[in-house]
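Fold and contact review
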Amino acid sequence: MCILDILRHLPRSLFSDSQLHVFLWGLSVLGVDSVPSTRTLKDLDNSLQSQYGVPSIRYQGSLGHVYYVNHLPSLIAQEMANPCIHIHIRHYPEDAGGRLDQPWQASRWLHEIDASIATPMIRRGQQDFYVFELTKLTDGTVVIPERWYTKPSLRNSTSPFDLEYWAHAWRTQPIASGDATGYIIHRYDTVEVTANQLLLSFPHLLQTYREDREPDPHNIIGLIEMRGHGVLPWTLTNPTIGNRWCARARGHRVLSYMIWLYCDDTSSNTSKKWNKHNSFLFTAAGLPRTMVHKECNIHFLATSNIAPPLEMLDGVVDQLERAQMQGIWVWDVTAREMVLIIPGILAMLGDNPMQSELACHIGLQGKFFCRNCWVKGVDLHTACECADGVVMDPDRDDAASSAKSPSRLAESDEGSAQEDIVHRLKGKGRRSETMQDLVDRARRFLGTNTPRTRIDTTEKLRSMFLEVTSGLGKVRYAKMKMETGIKDTYMDVFVERIFKLVKGLHAGTDKHTEAVNAVTQGRPVEQFMSPVWRIKGLDPHQDTPVEILHVILLGFVKYFWRDAMSRLNEVQKAELQVQLASFDVTGLGIPPLAGHTLVQYAGSLTGRDFRAISQAAPFVLHDLVPRPCFEAFLALSALIPLVWKPCIENIEEHLATLQVAIDHFLNCTARWTPQWFNKPKFHILRHLPDHIQRFGPAILFATEGFESYNAVIRDHSIHSNRQAPSRDIARGMARCHRIRHFLSGGKFHACEPLSTDLPYSNNEYEWLACGSVVQSLVNVNVPGHHNMIADFFGLNGDAVPLEAGSCIHDKLRPQTLNKTNTASRVPHALHYAERQLYQTCRSVVALNGEVCRTGDFVLAQDSEAPRALPIIGRLSEILQICHSPAQHRNQASSLLLETFQVVRSSSVYLMLQIQPSGWAVLPPMALLCGVNVQHNCAGNGCTGTAVVPVYEERERTMKSQQRIGHRNLSDFILNTAQMRNASHVQQFRIQAHQLDRDWAIHTGATAELDAQKLKAQKSSKSNAARKPTANPTPVPSRFINVFHRTDA
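Residues numbered from 1 in each chain as written. Predicted model: local features only at pLDDT ≥ 70, side-chain atom pairs only at ≥ 80, totals over all residues. Heavy atoms only, no water.

**Digging into the overall build of the protein**
What counts here: Where helices and strands are cited, they refer to DSSP runs of H or I of at least four residues and of E of at least two residues respectively, numbered from the N terminus. C-alpha atoms define the radius of gyration, and 2.2 Å times the number of residues to the power 0.38 defines the globule rule. To sort residues, take the accessible area from a 1.4 Å probe on protein chains only and compare it with the maximum for the residue type: under 20% means buried, over 50% means exposed, and anything in between is partly exposed. Whether two residues are in contact is decided by their heavy atoms, any of which lying within 4.5 Å being enough. Reported accessibility uses the Shrake-Rupley method at a 1.4 Å probe radius. Residues are deemed covered only where the shown protein chains occlude them.
Along the backbone of the protein there are 34 helices and 32 strands. In terms of overall size, the protein behaves like a compact globule, its C-alpha atoms giving a radius of gyration of 33 Å where 1048 residues would be expected to give roughly 31 Å. Judged by the C-alpha coordinates and their principal axes, the protein covers about 120 × 95 × 80 Å. Relative to its full complement of 1048 residues, the protein shows a buried share of 53%. Once local pairs closer than 6 in sequence are excluded, the contacts in the protein between residues at least 24 apart make up 70%. For the protein, the accessible surface area stands at approximately 47600 Å², while carbon and sulfur atoms represent 52% of it.

**Digging into the environment of V143**
Positionally, V143 belongs in strand β6 (residues 142–152). Along the sequence, V143 and L198 sit 55 residues apart, while their C-alpha atoms lie 9.9 Å from each other.

**Let's talk about the side chain of R963**
With respect to the helices and strands, R963 occurs in strand β31 (residues 955–965). Residues contacting R963, with those up to four places away along its chain left out, are V578, A581, S582, T943, G944, T945, A946, V947 and V948.

**Section: the pairing of strand β27 (residues 912–922)**
Basically, it comes down to this: One bridge is not enough; two strands pair if DSSP finds at least two bridges between them.
Inspection of the sheet shows strand β26 (residues 894–905) paired to β27 by 10 bridges, in the antiparallel sense. Bridge pairing in β27 links V902 to I914. The hairpin formed by β26 and β27 contains 6 residues between the paired strands, and L910 there has a positive phi angle of roughly 55°. Pairing between β27 and strand β32 (residues 972–974): 2 bridges, direction antiparallel. Bridge pairing links Q913 to I973 in β32.

**Some points on the packing of aromatic side chains**
What describes a pair of aromatic rings is the distance from one ring centre to the other and the angle between the planes of the rings. For clarity, the cut-off: Two rings from Phe, Tyr or Trp (for Trp, the six-membered ring) form a pair when their centres sit within 6.5 Å of each other. Planes less than 30 degrees apart are called stacked, planes more than 60 degrees apart edge-to-face, and all others tilted. Throughout this description, the term charge over a ring refers to an Arg CZ or Lys NZ atom that lies within 6 Å of the ring centre and within 35 degrees of the ring normal.
Enumeration over the complete set of coordinates arrives at 37 aromatic pairs. Consider the rings of W260 and F695, whose centres lie 6.3 Å apart with planes at 50°: the pair is tilted. Taken together, the residues W260 in strand β11 (residues 253–267) and F695 in helix α24 (residues 688–695) connect sequence positions 435 residues apart. Classification of W260 by relative accessible area gives buried; the value is 0%. Assessed through its relative accessible area of 1%, F695 is described here as buried. Both rings, one in Y490 and one in F494, keep their centres 5.7 Å apart while their planes meet at 65°; by these two values the pair is edge-to-face. One end of the pair, Y490, and the other, F494, are both in helix α15 (residues 489–502), 4 residues apart, so they sit about a helical turn from each other. Accessibility assignment for this pair places Y490 and F494 in one class, buried. When the ring centre of W166 is taken as origin, the NZ or CZ atom of K151, which lies over that ring, is 4.1 Å away. Above the plane of the ring of W374 lies R452, whose end atom (NZ or CZ) is 4.0 Å from the centre.

**Quick notes on the sheet that holds strand β9 (residues 198–200)**
Short version of the rule: Every axis in this analysis is a line fitted to C-alpha atoms, fitted for helices over the stretch in contact. Angles between the N-to-C directions lie between 0 and 180 degrees.
Strand order across the open sheet formed by 6 strands is β9-β5-β6-β7-β8-β10, with mixed pairing between neighbours. Each end of this open sheet is capped by a strand with a single partner; those strands are β9 and β10 (220–224). This sheet shows a mean twist of 40° between the axes of neighbouring strands, independent of strand direction. Bridge analysis of strand β8 (residues 180–194) against β10 gives 4 bridges, and the strand direction is parallel. The partner of I184 across the bridge, within β10, is G222.

**A look at the packing of helix α2 (residues 17–29) against helix α3 (residues 38–52)**
Operational definition: Residue polarity follows a fixed list, in which Ala, Val, Leu, Ile, Met, Phe, Trp, Tyr, Cys and Pro are nonpolar, Asp, Glu, Lys and Arg are charged, and the others, Gly among them, are polar.
For the pair α2 and α3, interaxial distance at closest approach is 10 Å and the crossing angle is 115°. From α2, D17, L20, H21 and L24 reach across to α3, where they touch T38, L41 and K42. Per-class residue counts for the contact of α2 with α3 are 3 nonpolar, 2 polar and 2 charged.

**Overview of empty space enclosed by the protein**
Threshold: In this analysis the probe radius is 1.4 Å and the grid spacing 1 Å, with only protein atoms considered; a cavity is a set of points the probe fits into but cannot get out of, a pocket is an open set with protein on both sides within 12 Å along at least five of seven lines, and lining residues have an atom within 4 Å of a point. Grid points are joined across faces, edges and corners, and a volume is the space filled by probe spheres set on the points.
Under the definition given, this model contains 4 cavities of 30 Å³ or more. There is about 230 Å³ of room inside the second largest cavity. Looking at the second largest cavity, it is lined by 19 residues, and the ones nearest its centre are L634, A638, R989, I990 and A992. Put simply, the parts of the chain that give the lining of the second largest cavity at least two residues each are α21 (627–643) and α22 (651–672). In terms of residue class, the lining of the second largest cavity is made up of 11 nonpolar, 7 polar and 1 charged.

**Side note on the state of the cysteines**
Our working definition: In this description, the term disulfide denotes a pair of cysteine sulfurs within 2.5 Å.
Counted under the stated rule, the structure contains 0 disulfides. Not part of a disulfide, C360 finds its nearest cysteine sulfur in C263, a span of 13 Å. Here C937 stays free of any disulfide, with the sulfur of C942 as its closest cysteine sulfur at 3.9 Å. On the accessibility criterion, C937 (15% relative accessible area) is buried.

**Looking at α15**
Definition in use: The length a helix should cover is 1.5 Å for every residue beyond the first. Polar contact criterion, stated in full: a pair of N or O atoms within 3.5 Å, where within protein one must be able to donate a hydrogen and the other to accept it, and residues adjacent in sequence count only if both atoms are side-chain atoms.
Given a rise of 1.5 Å per residue, 14 residues ought to cover 20 Å, and the 20 Å separating the end C-alpha atoms of α15 matches this to within 8%. When we look at burial in α15, the residues that qualify are T489, Y490, M491, D492, F494, V495, I498, F499 and V502. Buried residues in α15 make contact with α9 (309–326), α10 (352–358), α13 (454–469), α14 (474–484) and α16 (510–520). Here α15 starts with a cap whose side-chain oxygen sits 3.0 Å from the backbone nitrogen of Y490, and that cap is D488. Once α15 ends, the next one or two residues include G504, with phi positive near 85°.

**So, the pattern of salt bridges**
Put simply, the rule is: The salt bridge criterion pairs a side-chain nitrogen of Lys or Arg with a carboxyl oxygen of Asp or Glu, the two atoms within 4 Å.
Counted according to the given criterion, the structure contains 43 salt bridges. Here R12 and E295 are joined by a salt bridge, their closest N and O atoms 2.7 Å apart. Taken together, the positions of R12 in the loop between α1 (2–7) and α2 and E295 in the loop between α8 (289–292) and β13 (299–304) put the pair 283 residues apart, joining distant regions of the chain. R12 gets classed as partly exposed once you look at its relative accessible area, which sits at 37%. Residue E295 is classed as partly exposed on the basis of its relative accessible area of 25%.

**Quick notes on the side chain of H299**
Of note, H299 is situated in strand β13. Looking at H299, its side chain comes within polar contact range of the side chain of H737, at 3.3 Å. Residue contacts for H299: discarding those within four places in its chain leaves E79, F280, L281, F282, H737 and R740.

**Things to note about a nonpolar patch on the surface**
The line we're drawing: Patch members must show over 30% relative accessible area and no salt bridge, and they are joined within 9 Å when carrying like charges or within 5 Å when they are nonpolar side chains of Val, Leu, Ile, Met, Phe, Trp or Tyr.
Side chains of V22, W25 and V29 sit close together on the surface and give an oily, nonpolar patch of about 350 Å² of accessible area. In this fold, W25 is placed in helix α2.

**A short note on the confidence of the model for the protein**
Spelled out, the test is: Note on scores: pLDDT gives the predictor's confidence for each residue, bounded by 0 and 100.
Model confidence for the protein is summarised by a mean pLDDT of 88, while 90% of its residues fall at 70 or above. Confidence drops under a pLDDT of 50 for residues 380–387, and excluding neighbours within four residues, the segment shows 22 contacts in the predicted structure. Contacts from residues 391–429, a stretch scored under 50 in pLDDT, to residues over four places away or in other chains number 99 contacts.

**Quick notes on the packing of helix α20 (residues 607–620) against α21**
In plain terms, the rule: In what follows, roughly perpendicular refers to angles from 65 to 115 degrees, roughly parallel to angles under 35, roughly antiparallel to angles over 145, and oblique to any angle outside these ranges. Whether a crossing is left-handed or right-handed is set by the direction in which the near helix is turned from the far one by less than a right angle, anticlockwise for left-handed and clockwise for right-handed.
It is the contact of α20 with α21, at a shortest axis distance of 9 Å, that shows an interaxial angle of 140°. With respect to each other, α20 and α21 are oriented oblique. α21 is crossed by α20, and the crossing has left-handed handedness. Contacts between α20 and α21 pair S614, A617 and P618 from the former with F630, F633, L634, S637 and I640 from the latter. In terms of residue class, the contact of α20 with α21 is built from 6 nonpolar, 2 polar and no charged.

**Some points on unusual backbone geometry**
Positive phi, normally seen in glycine, also occurs at R213, with a value near 55°. Inspection of the secondary structure assignment puts R213 in the loop between α6 (202–208) and β10. Among the residues examined, R213 registers a relative accessible area of 79% and is labelled exposed. Of note in the backbone geometry, R250 takes a positive phi value of approximately 55° without being a glycine. For R250, the location among the structural elements is in the loop between α7 (244–249) and β11.

**Concerning α20**
As a reminder, the rule being used: For a residue, the bend is simply the angle between two axes, fitted respectively to the seven-residue segment ending there and the seven-residue segment starting there.
End to end, α20 covers 19 Å across 14 residues, agreeing with the expected 20 Å (1.5 Å per residue, within 8%). At S614, α20 is bent by approximately 40°, the largest bend along its length, and proline P618 sits one to four residues beyond. Burial of α20 is extensive: 11 of the 14 residues sit out of reach of the surface. Where α20 is concerned, the buried positions are G607, F610, A612, I613, S614, Q615, A616, A617, P618, F619 and V620.

Now the structure itself:
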């Protein structure tokens, strides 16, 4: 029954009841004894879920919809009690110097997070030191710690968790005049304090201050914010009792638990029929980058096909507020003790329309289209205003179509919406943009603008609602939303109710007041505003980071690729297909490119396709598109590896390089045509450097993992009766989470069935785990069968990385040294010994875990010059000395590389041109990674002269296909557009010549207007060539009365 219960709850392989019946029938036919019935399995499932599972809480939303939310505190408690997960979770920010590869090293967590939801204490010896409590240091001074953080230990240690604790503290001024003794806090006077300097915590200071003749720690006289200012009252704690968490913790540790909160919509149907479900997911921000977006670490909160996102967010925030006020008691499986957890939201993720809705922003189609700042887009004289205050630009591809809510446009619908808007706005009197219009709009897009703030938006929303209750009309309300770019879809529901009730009533009358009170019922304005404003420490304008999947891959790359395909004729498209099929993907980690698919179906490609296109475009589009278009592609391909860089060694240098690359890309785009700046994503990109500094490398807040999780939600919807989708999907997800917790050895307490009051027990023996037999199921290895159960729940552990230097033999017999290629190329590199044999190998593992094969281009580091640029080489031979210690460890003994030197910078590709320079023998540990190298086709005039056979159904046919026939086979280009191994490859990056922005904008605007004039001239000539019909066909008399009815 245990195995059957597990099989019923595999996340991506759910069983329907009919499939379960067939499975049980098969077991019976095979003679398995005691096969349970379907009812027995369901009863067992319900019993286990009610006792040990995560409860799904029912909510009656303020907008009138019923939805279910899985209990957030229970999910966090299970993660803290999971031995496979908890050891990886971070609770403190880290000051890593200039390095940035994790979210806890970025400025938001390190410097900006609200102190009330950050980890408030550290334990040193037998003392707990809390923030906002007087603390005595070893030098006798008294300070108040504001926040705790860590730094890498100065000791020689390879463990990333070997850290030292530090405090950012405020100095104090002791006051002892007469009977008034106490402390004044100088907030402006800060000091960094290491944990070794801590002497006495607040409770111990209370016991010793009289003996030491110091002021009374109970008395904090006040706080001075800035030097020379007056003393303000102390309000951060009650100085007589100290930090409130100290009392609630009962002597236990208190830790924060930061999360990435994600929201998106998905269809719950397998067919093309759209069945929209809005879903909330989260993952622990304290997990390292390699784990945070794994499917097994993504947790489901809520979904609904009727409740809008902000209504469901109300239930999520309700749980979050309660947890932040009371804390969550959890069992720390590593420390084997109870811990009090304070949850907090680090950022809210999603695509652009969803992030706009969460930030109470009008959306990408508004005049103020950016949720982060006050940049202004099109104005009324070049656009059409909609009923709810949205300004539509007919040239903008993300304007909402008539079938969608104006504030919610699917990213995949861009393009079709544009055509619909253009069709509907023809003949509306919209005047064409002048040269000055184009220039002004481009400057606004590319300029620096005032950032939006939480305080400003909430004040505007409060003012808008109060004006509505005072008699503001619909038109004026819509105009206020347009003029501010603010649209709270949660508040709009209540506003519409007021408009409906006061229709026909005069403002200020008793009936009008009664109608308004029927909706407001005396409640404060804040209760009618979006629940996002109740999230402590979150600014939805600045804490909704740029989503690089939809902005770059499904944005710029898609725009440019579709534009390029629209410019090509059939002959050019055939040539492009040959170029794509001939593109060498070695070192990129992607399959060979399907040229026909990428060209013929350019409008139906996915993010994976655009990822490949971005790395291949510089080499396949040369001479096929205009030079300004090609240079914009080059700038985009050069930018993408910087954006997807997973580990930043020096944040200041990286941000400076990234900013230059973004500016160059935007300048190249402006020189091509400023019409691209109808698309808001070109402006949104400008906020990316700030978000990287604030949250960490951009791949941390990318949403590919969450997007993939939509398939799991869809599977649960399909295997339900669809009568109560929010409830059934939430409960199904909770059951899957329970199975994962059991199999991973997670601890649980036998508490009351499905209680939202989590158990408190510091008795280790009351915290149980499933038996060894159950846990061993994830370790069962049946010969010839992979353990799929462990894979489904992510419990196979991280795949054991291949050891650097390990190799795989080829099928040749060992040979003496003088018969090897190494001896002929570098004769004295290896010591010759008689009767010593060498085994040649076909592949070797680089330091980054990548498998490199003979013939691949690689980067290697010369041990004699560790600070020099890596060696560029082609792996020619891999040798292993027979019967040596290296062979016993399955390690290579030496590598033969054909080295390449940089000869010049290619003026076509704006990348380095390399040619062979010699040979080198290196140890296997010098191999850094593989690298992608392309032939210099543009410099050698390569054409499609080669042919290859066509395979169909895995059979070779008589058909053939063209491929590029290369000339001068020693002339190559180092592809610095590759996204893989960017940390190494970007060392060879060429700094492009920066364009003057004003010149680029004016040049692009001039070219655009010239193109429009040329198009108009061709259109007028074409119309003039059409001769009117000499004798139009008369209308039959029997139709005259129908179409031209007149009075007698």
